[in-house]
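# A structural walkthrough
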Amino acid sequence: MRRRQENIMPTTILHIALIIFLILMATVFLAPIPEEIEDYKMHEKSNYVLEDATIVFYKEFVQYKTVYYNTYYEFVDTDGYKYNGLWQTRIKTMEEAEKMIGQKVPIYVDHELKTHRKNLENRSLSSIYIVGIIGGFCILFLIATLISFILRLIMWRKEKSNQEECC
């Protein structure tokens, strides 16, 4: 009997670690789904028009002691609303980034919804479903682990009370 009682501690630690891990994984997979669905819906109902934005500036950034440059675009519609964003990343030389200033680049703008994109590709719903299914499995494993943990604790308490009655 004592041997079973001593074995409960490693499994308890394992259950707690697994529960924490599964909560984190479920959160990682399920948290972005509402935003992805909203983005998908907005893309589906948008009426995008091809517009020419202009690359207006670049910024230097350092990654692992290597210097890169990012270029940024801007487009102002007839109402004066500004659309801007990152155009290209990881340009290797400043001269190359400077050459891009003033270039016209294509963006897609929905003037009614005041939204824009660099391309018309949309994430398919199947990728959202896959992430949701993985998150769902994490939830199922979490529930199974919690049930197993609770049952082990009940068995341990029962054995402990039986030992106290016996001796």
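A brief structural summary. What you see is a predicted model, and the numbers here were worked out from it, not measured in a lab. (Residues numbered from 1 in each chain as written. Predicted model: local features only at pLDDT ≥ 70, side-chain atom pairs only at ≥ 80, totals over all residues. Heavy atoms only, no water.)

## Points about the side chain of Asp-77
Rules: The helix count covers DSSP runs of H or I at least four residues long, the strand count covers runs of E at least two residues long, and both are numbered beginning at the N terminus. Definition of a polar contact: a pair of N or O atoms within 3.5 Å, with one able to donate and the other able to accept a hydrogen when the atoms are protein atoms, and with sequence-neighbouring residues admitted only if both atoms are side-chain atoms. When checking whether two residues touch, look at their non-hydrogen atoms; a contact exists if any pair is within 4.5 Å.
Tracing the backbone through its elements, the reader meets Asp-77 in the loop between β2 (66-76) and β3 (82-91). Among the polar contacts listed, one links the side chain of Asp-77 to the backbone nitrogen of Asp-79, at a separation of 3.1 Å. A polar side-chain atom of Asp-77 sits 2.8 Å from the main-chain amide nitrogen of Tyr-81. Contact partners of Asp-77, with chain neighbours within four places excluded, come to Tyr-83, His-111 and Lys-114.

## A closer look at the packing of aromatic side chains
Test applied: Planes of paired rings set the category: under 30 degrees apart is stacked, over 60 is edge-to-face and the rest tilted, where pairs are Phe, Tyr or Trp rings (Trp by its six-membered ring) whose centres lie within 6.5 Å. Exposure classes here rest on a 1.4 Å probe applied to the protein chains alone. A residue is buried below 20% of its type maximum, exposed above 50%, and partly exposed in between.
Summed over all chains, the structure comprises 7 aromatic pairs. Ring plane angle 65 degrees and centroid distance 4.9 Å describe the contact between Tyr-81 and Tyr-83, whose orientation is recorded as edge-to-face. Since its relative accessible area comes to 37%, Tyr-81 is described here as partly exposed. Each residue in the set Phe-75, Tyr-81 and Tyr-83 is aromatic and connected to the rest through ring pairs, giving one cluster.

## Quick look at helix α4 (residues 125-166)
Put simply, the test is: The span expected for a helix works out to 1.5 Å for each residue beyond the first.
Along its 42 residues, α4 runs 61 Å from first to last C-alpha, staying within 8% of the 62 Å computed at 1.5 Å per residue. Residues Ile-128, Gly-135, Cys-138, Leu-142, Thr-145, Phe-149 and Glu-159 constitute the buried set of α4.

## Side note on the packing of helix α2 (residues 33-45) against α4
Counted only if it meets this: A fitted line through C-alpha atoms serves as each axis, taken over the contacting stretch for helices, and the angle formed by two N-to-C directions is quoted from 0 to 180°. If an angle is under 35 degrees, it is roughly parallel; if it is over 145, roughly antiparallel; if it lies from 65 to 115, roughly perpendicular; otherwise it is oblique. Classification used: nonpolar for Ala, Val, Leu, Ile, Met, Phe, Trp, Tyr, Cys and Pro, charged for Asp, Glu, Lys and Arg, polar for all others including Gly.
Where α2 contacts α4, the axes come no closer than 11 Å and their chain directions differ by 170 degrees. Between α2 and α4, the crossing angle belongs to the class labelled roughly antiparallel. Residue-level contacts link Ile-33, Glu-36, Ile-37 and Tyr-40 of α2 to Leu-125, Ile-128, Val-131 and Gly-132 of α4. The residue makeup of the contact of α2 with α4, split by class, is 6 nonpolar, 1 polar and 1 charged.

## Quick notes on the nonpolar core
Note the following rule: By nonpolar core is meant a set of buried Ala, Val, Leu, Ile, Met, Phe, Trp, Tyr and Cys residues that side-chain atoms within 4.5 Å join together.
Counting residues in each nonpolar core, the largest one holds 12 residues, listed as Ala-53, Ile-55, Tyr-69, Tyr-73, Phe-75, Tyr-83, Ile-91, Ala-97, Met-100, Val-105, Ile-107 and Val-109. Contributions of two or more residues to this core are made by β1 (49-63), β2, β3, α3 (94-100) and β4 (104-110). Leaving out residues up to four positions away in the same chain, Ile-55 has contacts with Thr-71, Tyr-72, Tyr-73, Trp-87, Met-100, Ile-101, Gly-102, Gln-103 and Val-105.

## Focus on the sheet that holds β4
Two pairing modes exist for strands in a sheet, parallel and antiparallel, and in both the strands are linked by backbone hydrogen bonds. Condition: DSSP-based pairing: two strands are paired if at least 2 bridges between them are found.
Within the open sheet, the 5 strands sit side by side as β3-β2-β1-β4-β5. Their pairing is antiparallel. Only two strands of the sheet have a single neighbouring strand rather than two, namely β3 and β5 (115-117). Direction aside, neighbouring strands of the sheet carry axes that sit 40 degrees apart on average. Inspection of the sheet shows β1 paired to β4 by 6 bridges, in the antiparallel sense. Residue Thr-54 lies in a different strand from β4, and its bridge partner there is Lys-104.

## A few points about the pattern of salt bridges
Pairing of side chains with opposite charge becomes possible as their charged atoms draw close. What counts, and what does not: A side-chain nitrogen of Lys or Arg and a carboxyl oxygen of Asp or Glu constitute a salt bridge if their distance falls within 4 Å.
Under the counting rule described, the total for this entry stands at 4 salt bridges. Taking the shortest distance from any N to any O, the salt bridge between Lys-114 and Asp-77 comes out at 3.5 Å. Linking Lys-114 in the loop between β4 and β5 with Asp-77 in the loop between β2 and β3, this pair joins segments that are 37 residues apart in sequence. For Asp-79, the salt bridge identified is with Lys-114, shortest N-O distance 3.5 Å. Residue Asp-79 is located in the loop between β2 and β3, and its partner Lys-114 is located in the loop between β4 and β5; the two are separated by 35 residues in the primary sequence. It is possible to trace a salt-bridge network through shared partners that takes in Asp-77, Asp-79 and Lys-114.

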